[in-house]
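Close look at the chain arrangement
Read off the chains here:
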2 protein chains.
Amino acid sequence: MNVEKVLIDGAWGESTGRETFQAVNPQTGQTLPGEYPVSPWNEIERAVRAASAAAWRVRGWAGERFAAFLDAFAARLEKRADELIAMAHAETALAVEPRLKSVELPRTVNQLRQAAAAARDGSWVQATIDTKANIRSMYAPIGPVVVFGPNNFPFAFNGAAGGDFAAAIAAGNPVIAKGHTSHPGTSRLLAEEAHQASLETDLPSGFVQLIYRTSHSDGERLVAHPLIGATGYTGSRQAGLRLKEAADRAGKPIYLELSSINPVFILPGALEERLQDVAQEFATSCLMGTGQFCTNPGLVVLIGNETGEKFVEAVRQRFAQAPAGTLLGAGVQRNLVQSVRALVAAGARSVIGGNPQSGPAIRCENTLLRVDGETLLAHAEALQTEAFGNESLFVVAKDEQQLLQIVGTLEGNLTGCIYSHRGGADDALYERVAPLLRARVGRLLNDKMPTGVAVSPAMNHGGPFPATGHPGFTAVGIPASLRRFAMLECYDNVRPHRLPPALRDANPTGQMWRFVDGTWTQN
Amino acid sequence: MNVEKVLIDGAWGESTGRETFQAVNPQTGQTLPGEYPVSPWNEIERAVRAASAAAWRVRGWAGERFAAFLDAFAARLEKRADELIAMAHAETALAVEPRLKSVELPRTVNQLRQAAAAARDGSWVQATIDTKANIRSMYAPIGPVVVFGPNNFPFAFNGAAGGDFAAAIAAGNPVIAKGHTSHPGTSRLLAEEAHQASLETDLPSGFVQLIYRTSHSDGERLVAHPLIGATGYTGSRQAGLRLKEAADRAGKPIYLELSSINPVFILPGALEERLQDVAQEFATSCLMGTGQFCTNPGLVVLIGNETGEKFVEAVRQRFAQAPAGTLLGAGVQRNLVQSVRALVAAGARSVIGGNPQSGPAIRCENTLLRVDGETLLAHAEALQTEAFGNESLFVVAKDEQQLLQIVGTLEGNLTGCIYSHRGGADDALYERVAPLLRARVGRLLNDKMPTGVAVSPAMNHGGPFPATGHPGFTAVGIPASLRRFAMLECYDNVRPHRLPPALRDANPTGQMWRFVDGTWTQN
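Here goes a summary of the coordinates provided. Computed from a prediction, not measured in an experiment: that's the story for all the values here. (Residues numbered from 1 in each chain as written. Chains lettered and ligands numbered in written order. Predicted model: local features only at pLDDT ≥ 70, side-chain atom pairs only at ≥ 80, totals over all residues. Heavy atoms only, no water.)

**Some words on the relation of the copies chain A and chain B**
Superposition of the two copies of the chain requires a rotation about an axis together with a shift along that axis. Between chain A and chain B, which share one sequence, the superposing operator has a rotation angle of 180° and an axial displacement of 0.0 Å; the RMSD is 0.0 Å. Accordingly, the operation relating the two chain copies is best matched by a two-fold axis. Taken together, the interface assignments show that 100% of the residues at the interface of chain A recur at the interface of chain B, consistent with an identical surface on both copies. (Least-squares fit on C-alpha atoms with pLDDT ≥ 70 in both. Contact = heavy atoms within 4.5 Å.)

Next up, the structure:
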């Protein structure tokens, strides 16, 4: 069998690595045809050097150049949609409809186009001009960016096409994509289109590159490499923290999106008012995509009265009726089962499910666990173990006081939701829960499950550690996500003709928002 | 002798620590009267808990409350100016005039007032509103901030009054100030006024606290404490990197301002045109404050022709004529002498100076070293050792090519300067030097020495590692410096009356700049 090629320095070439791996179709359990290389260090370093050379080539280029690439790439993805979707479906078992075809691919293409618009507009650099002191500053490209994509979004967070990729490139940086090993074929197709788009739009070789896999230690060397500007990583906490340690030691920014259990607080009045609706919303959110979302509602807190018990039962019924979805792979299944066992060992008990299902599809039963508030408080850390997949843990608090104590024990999360009575019956309790939850999450929701992550300028897909590595940055939302891949550049007394266009007295486009002498202006 | 008290949880109280230390007057070499405690862990943790309680108390407060405190504090500092200046002069030997009285104290007061204005205005939170999706986000306080002040700015960077203090508080966070051990009396006076101002303006106890000294390991525990939001540190690279490692491991943001040698490139045309002027500017910048600035020009690169040699000689004469200033302390003197020796061991040779001067004042000779370009390239790391004080290393490149190679070996720095011919004779070389230097510094200057750091919204007092820990943040410049001490908070579908005022449909002040549906507006 021929080993697939890596994309380095503008060409698809044979890897110098000897180790290879293959993806598995989670629906059939069968190994998929392509054989993919594990890149050795010399190959990785070649990519780093090419990326660095590309970064120098494009220094000072107008955002239009990057926008043209992103738009061309988006158009190419639409043209190759069928093949991309078939490949992603084979590698991840995510549904063709609506997920891959009508949701994730359009979202990915839309993200690329939003990033293109931001690059073209240029306002993201937040040009700040003090005309009196003649000091001027702006955000500028940080240097080559490594993007580690996760397993659960083969398109929208792919290292070679997703949000981090789009943001890094819109900010003017070359990208080295590390494809997730569960969907190398999808990553390859995406990178093929990115490569073609880069040729079409005259970007330098080395601007977009793809490797499929590295050893752990080479991954750590990569994020710490002196020629690397920054890293975006979405994935498991364990691997992410190892990369973080290496990058931190080298003083290289690394933006992590790690585990999150996304607590949902359902206040008593909401259940009195609309128990079945909330149960339906929850079950849909928790089982969609077989629960494999960073914002999956993995922890639900409610008060253990009669209505609370009815809610548990309503969810149990829905979990029983819904077919168990296919998981992304055997590793996900193994982790899910282990996490469920760890939760049970810490005091949770099963309401329904908890076991793997027999093949060929890689699945687990829809799983609902429950635990009382006292046990949660006694084993708060263990009971916040993320169980990635179609699982949730219900915490049944004995009263409001205990519910408040529970909020106080939560780790940093991407999201936190509060459902409350529409007429205001829960308002007093809401006022006490919300501030505690607010400090622990990046996005606070009302009366809405956390799984939808709109690509809005106001979105925050981030949050306090250990959900991410820094609570001031978001991985989704344009233009904010671009600023992760930027450094602040100041020009002090620099002669006018030597300034970048964004910092000259005249607005370079007549449209760019700039902060001039304390005022945001397009003039 | 009575041991001075620490300010914890709203009261000046006796430290529970047994160890104490005293400051030394660098001008006389004599120990100063006050005896100051080293705080043990239980005391530090009490401060952390009080700060955390204060953070909860002030959650959601309008910026006006913090502004009132900052303004009251600024006014109190002006009233106590004479005592503050006398104490700072005794502890640091920095000149009363113009430095302490006409420059640093006014700057400190001005910073506090600028921070107050930013807090009052509120635009710094960058409220971002997507009305269609009903998603809204803003920067919000990150939690208690620890500020480690440096030795060289007893007022303007003091943990209890300086830039980080002002930024953290304007952003709504309590501060635990760690006074620098070389000027504990100054820190005490500042904290006394901060405490009084906090009483005057009804801030909770624990909002402003002061400890003088901790063990290294307790410092590391402090920055990693779960109740701490973030840390600001200005000081030595070695101590800073230890704190960084501890904070990074705990996922706590830490903003560091470490060493920087601030390379200055003097292109041949500038010397042909105005050799004596540049020599004078350089000598003033390098010897001012006995060279004890983070932005001191510690490395000067020029081409080794006849004019270049004349320039070296012109600087040598000025260094010979200027009296050697007093250093901040014996430790600074020791480090300076050691660094000069390390530079000489790496191939530099002395043009003038290099030795400590005999007492009682703690001084070193004004020191100018030189090295040829080839040696610099061969020992680039060792020859970038920071020699904090009245010293600079001249690198004499043999030609333009070598000068360009030298730029390419530079570490991250706060600033980089290029002097060039006013008529354009150096423009071709400038075009090649500038991009290389740009990528390695936070602030690029033309025809100007780096030592002035204006408090301008466009200032960047930051730069790539190891000058700082993240190239996207600035320690000076308001409002940008506030955002270091903030987390991004998003509200998704949250009911209107539950939103913070900055995110409601109506502009809370009619003046706040907000980013609404893609447009910056005050409406």
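**Remarks on the interface of chain A and chain B**
In this complex, chain A contributes 69 residues to the contact, which on the side of chain B involves 69 residues. Around 5600 Å² of area is buried between chain A and chain B when both sides are counted, 54% of it from carbon and sulfur atoms. Between Arg495 of chain B and Asp447 of chain A there is a salt bridge whose closest N-O contact spans 3.0 Å. Our count for the contact surface shared by chain A and chain B stands at 43 residue pairs in polar contact (both at pLDDT 80 or more). At seven residues, the largest contribution of residues to the side of chain A that touches chain B is made by strand β21 (residues 486-492) of chain A. Its residues placed into classes, the side of chain A that touches chain B shows 32 nonpolar, 18 polar and 19 charged. Pairing of β21 of chain A with strand β20 (residues 441-446) of chain B, which is carried by three bridges, proceeds in the parallel orientation. Residue pairing for β20 of chain B: Tyr491 of chain A is matched across the bridge by Leu444 of chain B. (Buried area = accessible area lost by both parts, 1.4 Å probe. Salt bridge = Lys/Arg side-chain N within 4 Å of Asp/Glu carboxyl O. Polar contact = N/O pair within 3.5 Å; in protein donor to acceptor, adjacent residues only side chain to side chain. Helix = DSSP H or I, 4+ residues; strand = E, 2+ residues; numbered from the N terminus. Nonpolar A, V, L, I, M, F, W, Y, C, P; charged D, E, K, R; others polar. Pairing = 2+ DSSP bridges.)

**Thoughts on the nonpolar core**
Counting 268 residues, the largest nonpolar core has Phe69 of chain A together with Phe69 of chain B as its most contacted members. Apart from residues lying up to four places away in sequence, Phe69 of chain B is in contact with Phe165, Ile169, Ala194, Ala197, Ser198, Thr201, Leu203 and Val208 of chain B. (Core = buried A, V, L, I, M, F, W, Y, C linked by side-chain atoms within 4.5 Å. Buried < 20%, exposed > 50% of the residue type's maximum accessible area, 1.4 Å probe, protein only.)

**A few points about the pattern of salt bridges**
For the structure shown, the criterion picks out 56 salt bridges over all chains. The shortest N-O distance in the salt bridge between Glu192 of chain A and Arg80 of chain A comes to 2.8 Å. Within this pair, whereas Glu192 of chain A is found in helix α6 (residues 184-200), its partner Arg80 of chain A is found in the loop between α2 (63-79) and α3 (81-92), the two being separated by 112 residues in sequence. What makes Arg80 of chain A buried here is its relative accessible area of 18%. Notably, a salt bridge pairs Asp248 of chain B with Lys244 of chain B, separated by 2.9 Å at the nearest N-O pair. With Asp248 of chain B and Lys244 of chain B both in helix α8 (residues 237-249) and four residues apart, the pair spans about one turn of that helix. Comparing Asp248 of chain B with Lys244 of chain B, the two get one shared label, buried. Each of Glu4, Arg76, Arg80, Glu83, Arg188, Glu192, Glu193 and Glu200 of chain A takes part in salt bridges that share partners, so that together they form one network.

**Examining the state of the cysteines**
Enumeration over the complete set of coordinates arrives at zero disulfides over all chains. The closest cysteine sulfur to the non-disulfide-bonded Cys417 of chain A is located on Cys490 of chain B, 11 Å from its own sulfur. Take Cys417 of chain A: its relative accessible area is 0%, and that puts it in the buried class. Not part of a disulfide, Cys364 of chain B finds its nearest cysteine sulfur in Cys286 of chain B, a span of 13 Å. (Disulfide = S-S within 2.5 Å.)

**Describing the sheet that holds strand β13 (residues 299-303) of chain B**
Pairing in this open sheet of 12 strands is mixed, and the strands run β23(A)-β22(A)-β5(A)-β6(A)-β21(A)-β20(B)-β19(B)-β12(B)-β13(B)-β18(B)-β17(B)-β14(B) from one edge to the other. Across the chains shown, the open sheet's two edge strands, defined by having one partner strand only, are β23 (519-521) of chain A together with β14 (349-352) of chain B. Across the sheet, the mean angle separating the axes of adjacent strands is 25° when strand polarity is ignored. Bridging between strand β17 (residues 367-372) of chain B and strand β18 (residues 391-397) of chain B involves six bridges; their strand directions are parallel. Bridging across to β18 of chain B, Arg370 of chain B finds its partner in Phe394 of chain B. Across the sheet, helix α10 (residues 306-321) of chain B touches β12 (263-266), β13, β14, β17 and β18 of chain B, and the angle it forms with β17 of chain B is around 160°. (Axes fitted to C-alpha atoms, helices over the stretch in contact; angles between N-to-C directions.)

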